[in-house]
Amino acid sequence: MKTCPSGWRYFRFTFFGTLFSVVVMGTVWAQTPEIDTGRNRGFQPKASDSLANRQNRTEGSDTIMAYQLRKLKEYSTQLNGIANFLSRGVDTFGISEKLVTLENKHQIARTGILDGTAQRSNMRNMKSALVLMENLQNEVGKIQEDIEAYSVSTYDLQKQLRVIWRDTMLRKVPEDSILAKEYALRITEVRDMSRPSYRQLQTLSVKLGIYQNQIGQLEFDVSDDIEMLKYQLSKFRSLLMAKEAPNLFSSIAIQEDVVIPDWIENSITKSVFSFVTYYKQTWIARIGIFLLIIVFLSAGIWAVKTLKKNEQDDVLHVAEKFSRHIVLSSIFIALSFGQFFYEDAPAEFIQYVWASIAIIGTLIYYRDFERKNLILWLAGLVLFMLASLDNLLLQTTLADRWIMLAIGMSGLVLSIVAMRRLKGTLPDTMPLVQLLIILFIAQEVIGIGANIFGRYTFAKIMLTGGYFNFINAITLWWLLRLLTDFIFIFSEAIRQKEYLTSYFNFHKIKESTKPILSFIMVILWLIIFVKNLSLYDIIKDGVEDFLLSPRSIGRFHFSFGSVVLFFLIIYLATLISSIMNYFLGSGHQTLQSKGRNRFGGFVLIMRLCILAIGFLVAVAAAGVALDKITLIIGALGVGIGFGLQNIVNNLVSGVIIAFEKPIHVGDQIEVGGRLGRVTAIGIRSSKLATFEGSEVIIPNGDLLSQHLVNWTLSSNNRRVEIVVGVKYGSDLETASKILMEVLVSKENIMRVPPPQVLLHAFGGSSIDYRLLFWVSDIGDYLGLKSEVIHDVDKAFKENGIEIPFPQQDVYIKELPVFKPADIPEIQPKPE
């Protein structure tokens, strides 16, 4: 607790700091040494000097003179550097202005809370003041670092001057009169340069000392105020529903000590100051939002142009909101995500962002509203703006309570009208509106009741939070629709680029995006919801305490946070592995895919590395000792010895496949009597899509242990064989010529190796030909074989060559003819 007013404390620190600096400056100034120039007695030869001493000095004068000239040159360079530093100067006036500005900011932040004028300060005022104080603390720290840097530089330069003055060799004057005269001139120049510099450095040092005292006092005051605000906020949170004012309709006269104009002016001043201060400090977040706008705008314009060029108007019609409002949609998406770039943003700033998002979204979607529904939405938007302005009021007053009551009642009336109006007429695009309206009504009813019974802080949280939650839910729903439209048109535009569709299944990406985005929007809305209810810090502190508290089971010590972190890292490693497998591996392979993916083995190796690194990082992050890992590995070894041989065999086989590469994703293979195309090479097993439409999961060990036929290991070429017969007696040369012409006429038949027409055998009813030819793509051989058979039949008919039916001669052996008389009569048996 403070024991004296801040004004007296500021005067006390400033007065004694200034007095101390003046005393130090005077003491140092009085002790400033004089540099002799030849006129001082120390340079005159003493009468008691002997002739021998004078001769010794004369003999050493050349050496001393060389040293002195070198030193004088060196010192002149140093003095020039000091003069340049002083000529550039330290902006002491600017520092003084910054200090005055920081002190004014401090007083504004303290207004209505810590300056002794508070009249039932609310939580909103305390939060705003805390944000300002923390930002002010950062600014004070930066200026303090600058002043300390200037002080260190000033001290170093003063130290250089003292070294020059204490150099005793400069006091020795050459015996030669001419040299002594020249030396006196040079050392006089050094003296004339050093004295003003020293005085300026002393003055600068004193000023910096005063500034250090001021900034130190300001830092102390700000830190003290931050601790006080945190203490008061913790009390407010613990008494969130406490009664702070009399009942609104009670007969007790409320002594209003706050003048309404001053109360509003203080709120406006503090809000504007808080907004401007935070805006200046968050330029990095604004750059990030601007880059997001550029990304979505550029990608959207490119996608729309590509679809229009390819006459995909039906696609643009499905995503007409984004395609018709590309600029507004890009800004809307960037701002909606950008609001989460701002950490510890004051309410003034975040409300400005929400209002901007709501207005832009209204401009995009106003055509979706019917006329009466649009009027209801605009009325709700106006009430949202009024609630935002009311949330900026920083003190609890009777007038503010009546304003809150009016805003809450207006919201109730509007929501009831909207429920009746929208009942049974809601479009499919907004299925949760009724639920949101019910939630809004509940918050407003609770807020109105809390306001009437004097629970001011809780009432403001519920009343304003109801509007914020409803508007944010609608804007996030619009965000979901715009992102879905963007992904749809972007994926459809890329589908026009054939060189990309072989690596990415955009249809699957598009289908899996919406549920993921929906989940993200729900999470974001829940975060906003708890923040609007001022429960975010409480929940966060509770969760942190639960996760970070140390716990123990026997000798094993852990925390739930380390356990969650372990599984989270494992999950992220698995997710990254799956994403890599999808984009570079087999996530997009189908039976109809003709391309081969040679990344399969590389992806498998990378997946194994990612999983191994993820496991090690998870173990390190969770703080598990290495000896525990040794025990786990030992247990795994025992398990492998007893029952995990097959699993380990398949895992090792997967690694062998990755390095040896007997198959690739997209290869057509035959294994175990099954023919199909490889769609995935996994760590434990691989997938084979058969031509009948089934998918066969084959353990990797079976791929290596069985006879594997790979039709596309080195190439996609395949030889096709067709056997065709002609009637006995046909002209074989003509038939051979016709067959060769048919094969040569097909463009898809390879010329190297060349097609062949060979006489095969004498059949039972025909002479058989064997047609042999190669196709470059194994996936085309069935269709091409069908075309060749059709053309051969047609060509034979045109040239009168007959393909005979199978002929068989049936010989019937002659049997004796029986006459009726030869047949014995059968007598009935007697009874």
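Just above, that's the structure.
A brief structural summary. (Residues numbered from 1 in each chain as written. Predicted model: local features only at pLDDT ≥ 70, side-chain atom pairs only at ≥ 80, totals over all residues. Heavy atoms only, no water.)

What follows is about the sheet that holds strand β7 (residues 708-710). Here 5 strands make up an open sheet; going across it, the order is β6-β5-β4-β3-β7 and the pairing antiparallel. Sheet topology places β6 (695-699) and β7 at the edges, where each strand pairs with a single neighbour. Ignoring strand direction, the axes of neighbouring strands in this sheet form an average angle of 40°. (Pairing = 2+ DSSP bridges. Helix = DSSP H or I, 4+ residues; strand = E, 2+ residues; numbered from the N terminus. Axes fitted to C-alpha atoms, helices over the stretch in contact; angles between N-to-C directions.)

Let's shift gears to the packing of helix α25 (residues 732-744) against helix α26 (residues 781-798). The axes of two packed helices give the description: the angle between them and the distance between them. Interhelical geometry of α25 versus α26 gives an angle of 140° and a closest axis separation of 10 Å. Between α25 and α26, the interaxial angle falls into the category oblique. Considering how the two elements wind past one another, α25 and α26 form a crossing that is right-handed. Packed against α25, whose contacting residues are Ala-735, Ile-738, Leu-739, Val-742 and Leu-743, the element α26 presents Val-788, Asp-791, Val-792, Ala-795 and Phe-796 at the interface. Partitioned by chemical class, the residues of the contact of α25 with α26 number 9 nonpolar, no polar and 1 charged. (Parallel < 35°, antiparallel > 145°, perpendicular 65-115°, else oblique. Left-handed = near helix turned anticlockwise from the far one by under 90°. Contact = heavy atoms within 4.5 Å. Nonpolar A, V, L, I, M, F, W, Y, C, P; charged D, E, K, R; others polar.)

This paragraph deals with the nonpolar core. Across soluble globular proteins, you tend to see nonpolar side chains buried next to one another. Judged by nonpolar contacts, the single largest core of 81 residues is most densely connected at Phe-332, Trp-377, Phe-384, Phe-470 and Ile-489. Tallying contributions element by element places helix α16 (residues 456-494) first for this core, with 22 residues. Residues within four places of Phe-332 in sequence aside, it is in contact with Ile-357, Ile-360, Gly-361, Ile-364, Thr-475, Trp-478, Leu-479 and Leu-482. Residues Ala-109, Leu-136, Leu-208 and Val-222 belong to the second largest nonpolar core, which totals 38 residues. (Core = buried A, V, L, I, M, F, W, Y, C linked by side-chain atoms within 4.5 Å. Buried < 20%, exposed > 50% of the residue type's maximum accessible area, 1.4 Å probe, protein only.)

Moving on, we come to the sheet that holds strand β8 (residues 718-727). In any sheet, the strands associate via hydrogen bonds between backbone groups, in a parallel or an antiparallel arrangement. Judged by pairing direction, the sheet is antiparallel, and its 3 strands sit side by side in the order β8-β10-β9 without closing on themselves. If you trace the sheet from one side to the other, it starts and ends with β8 and β9 (756-762), each paired once. For this sheet, the mean inter-axis angle between neighbouring strands, taken without regard to orientation, is 25°. Summarising the sheet, β8 and strand β10 (residues 766-775) pair through 10 bridges and their orientation is antiparallel. Across the sheet, the residue bridging to Lys-727 is Ser-766, located in β10. Those strands touched by α25 are β8, β9 and β10, and its axis lies near 20° from that of β10.

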